[in-house]
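Topology and contacts: notes
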Amino acid sequence: YGCNGACGGQCVRCVDSMAIGLGVHGFKNGLNRGESGSFGFQESVNWGTPVTIFGMNTQIGFRATQSDFNGAGFTTESRDQFFVTAGLFKRCYHGWQGGFVFDFMREDWYTEADLAQVRGELSYAVPNGSSVGVLFASAVNEEETTSVVDGQTLTETWTTHDTFAFFYKVQSNRHRRGQWRVFAGFTGESDGFVGSDFKIPLAGTWSLEPEFTYVVPDEPTGRGGIDNEAWNVALNLVWYPGRARGDLNLAGMPMLDVAGNGSMITRRK
């Protein structure tokens, strides 16, 4: 048990603000070198902890991915990643709300890289569950790596896209479990940035949660555009343990999803 200030000091079970996911994905970013995308599987857990800091809730989450089981056109290596997200957030049923997190990603493919970014969102919510706001992500490091591509050794520098977008979110009024969000904006390299995500309640404690993101390259179509586009499509089945007793802690649920290939997008510097 833990006491969460967002619930008026009422004690709630820790699992009432937890989401555990399993899904499939296809994605492409700078590490794909303009070739085909990466297909694979992912597992995640995201938890709104009972700890509050400066009156804000805290969240921590983890995601692991396994992709490219048969390698790619330029490498025989399979691709593994893990992401860690931690930060603060504050939900409000009517008024201003927001969150701010730190994301870390470990990339292990034909090269290895440790990348990090800060990410957040700010929105205004109305009582019917809708909200409008902005979201952003900003890289905090870059890493020079040694890459082996088609048998050749290359020295390259990697980082993540800076992104900024406006979004509109609609929630279903039935226990506010369902959600649809659409966003559009740009990256720090003047590319377009669009996407959408859904939370579709299923029977009992489960939800189906599809998502997509697309970085629209500023370069012309053809080789330039192919080399610089990035996209992510994922379909996740998510378990909310708190729904088993009807005690899902909505105010304490993490505001931002765990980082993944749709929100932490690798590019070559």
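See the structure printed just above.
Now for a description of the structure that goes with this document.

Criteria and thresholds
Residues numbered from 1 in each chain as written. Predicted model: local features only at pLDDT ≥ 70, side-chain atom pairs only at ≥ 80, totals over all residues. Heavy atoms only, no water. Buried < 20%, exposed > 50% of the residue type's maximum accessible area, 1.4 Å probe, protein only. Helix = DSSP H or I, 4+ residues; strand = E, 2+ residues; numbered from the N terminus. Pairing = 2+ DSSP bridges. Axes fitted to C-alpha atoms, helices over the stretch in contact; angles between N-to-C directions. Core = buried A, V, L, I, M, F, W, Y, C linked by side-chain atoms within 4.5 Å. Contact = heavy atoms within 4.5 Å. Salt bridge = Lys/Arg side-chain N within 4 Å of Asp/Glu carboxyl O. Polar contact = N/O pair within 3.5 Å; in protein donor to acceptor, adjacent residues only side chain to side chain.

1. Quick notes on the pairing of strand E6 (residues 79-90)
Look at any regular strand and the pattern is simple: side chains alternate between the two faces of the sheet. Only one face of E6 is covered, namely the one carrying Arg79, Gln81, Phe83, Thr85, Gly87 and Phe89; the face carrying Asp80, Phe82, Val84, Ala86, Leu88 and Lys90 has none of its residues buried. Examined bridge by bridge, strand E5 (residues 56-67) and E6 share 11 bridges and lie antiparallel to one another. Pairing of Thr65 across the sheet is with Gln81, part of E6. The antiparallel hairpin formed by E6 and strand E7 (residues 95-108) contains four residues in its connecting segment.

2. Points about the sheet that holds strand E17 (residues 266-268)
An order of E10-E11-E17 is seen for the three strands of this open sheet, with the pairing classed as antiparallel. Of all the strands in the sheet, the pair left with one neighbour each is strand E10 (143-149) and E17. Between one strand and the next, the sheet's axes are offset by a mean angle of 45°, whatever the strand orientation.

3. A closer look at the nonpolar core
With 12 residues, the main nonpolar core is built from Leu31, Phe74, Phe83, Met105, Trp109, Tyr110, Ala113, Leu115, Val149, Trp158, Ala259 and Met264. Those residues in contact with Tyr110, other than ones at most four positions away along the chain, are Leu31, Arg33, Phe74, Thr75, Glu77, Thr146, Ser147, Val148, Val149 and Trp158. Counting eight residues, the second-largest nonpolar core is a separate cluster that includes Ala165, Phe167, Phe193 and Ala230.

4. Regarding the pattern of salt bridges
Enumeration over the complete set of coordinates arrives at 13 salt bridges. Among the ionic pairs, Arg33 bridges to Glu156, the shortest N-O distance being 2.7 Å. With Arg33 in the loop between strand E3 (18-28) and strand E4 (38-53) and Glu156 in strand E11 (residues 152-160), this pair connects stretches of sequence that are 123 residues apart. The class of Arg33 is buried, set by a relative accessible area of 16%. The partner of Glu156 in a salt bridge is Arg268, with the nearest N and O atoms 3.2 Å apart. A residue pair is termed long-range when its members are at least 10 positions apart, and Glu156 in strand E11 and Arg268 in strand E17 qualify at 112 residues.

5. Describing the sheet that holds E3
Strand order in this closed barrel of 12 strands is E3-E4-E5-E6-E7-E8-E9-E12-E13-E14-E15-E16, and the pairing throughout is antiparallel. Sheet twist, expressed as the average angle between the axes of neighbouring strands with direction ignored, equals 20°. Strand direction decides the pairing type here: strand E14 (residues 192-201) and strand E15 (residues 206-216), joined by eight bridges, are antiparallel. Among the inter-strand pairings, Phe193 is bridged to a residue of E15, identified as Val215.

6. Digging into the environment of Gln81
Along the chain, the position of Gln81 falls in strand E6. Residue classification places Gln81 among the buried positions, given a relative accessible area of 4%. Separated by 184 residues in sequence, Gln81 and Ile265 place their C-alpha atoms 12 Å apart. Only 2.8 Å separates the side chain of Gln81 from the side chain of Thr65, close enough to count as a polar contact. At a separation of 3.0 Å, a polar atom in the side chain of Gln81 contacts the side chain of Asn261.

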